[in-house]
Amino acid sequence: MRRRVLAAGMLAGAAAALSGCISVKAPDKPIVIELNINIKQEVVYRLAGDASQTIDKNKDIF
């Protein structure tokens, strides 16, 4: 039983010794994220206008 544990430990140690080194470094240039956002407020305004006209025409249902 001890031999198996010792062998497993040696195998894990050898695998760790043979594994590559991982290095992380920051990029030279800044990261650029381009967001193209186009919001049309006009559509909401038109909808509000249409809704107020509909309410004015049908005052009995509201």
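Up top you'll find the structure we're talking about.
The text that follows walks through the structure, step by step, so that each part is easy to find.

### Focus: the overall build of the chain
A tally of regular secondary structure across the chain gives two helices and zero strands. Classification of the 62 residues of the chain by burial places 0% in the buried group. Carbon together with sulfur atoms contributes 61% to the accessible area of the chain, which is approximately 7,000 Å² in total.

### A word on a nonpolar patch on the surface
Together, Ile31, Ile33, Leu35, Ile37 and Ile39 give the surface a local cluster of nonpolar side chains, amounting to about 670 Å² of exposed area. Tracing the backbone through its elements, the reader meets Ile37 in the loop between helix H1 (2-18) and helix H2 (41-57). What makes Ile37 exposed here is its relative accessible area of 65%.

What counts, and at which threshold
Residues numbered from 1 in each chain as written. Predicted model: local features only at pLDDT ≥ 70, side-chain atom pairs only at ≥ 80, totals over all residues. Heavy atoms only, no water. Helix = DSSP H or I, 4+ residues; strand = E, 2+ residues; numbered from the N terminus. Buried < 20%, exposed > 50% of the residue type's maximum accessible area, 1.4 Å probe, protein only. Areas by Shrake-Rupley, 256 points an atom, 1.4 Å probe, with all protein chains shown as cover. Patch = residues over 30% accessible without salt bridge, like charges linked within 9 Å, V, L, I, M, F, W, Y side chains within 5 Å. Salt bridge = Lys/Arg side-chain N within 4 Å of Asp/Glu carboxyl O.

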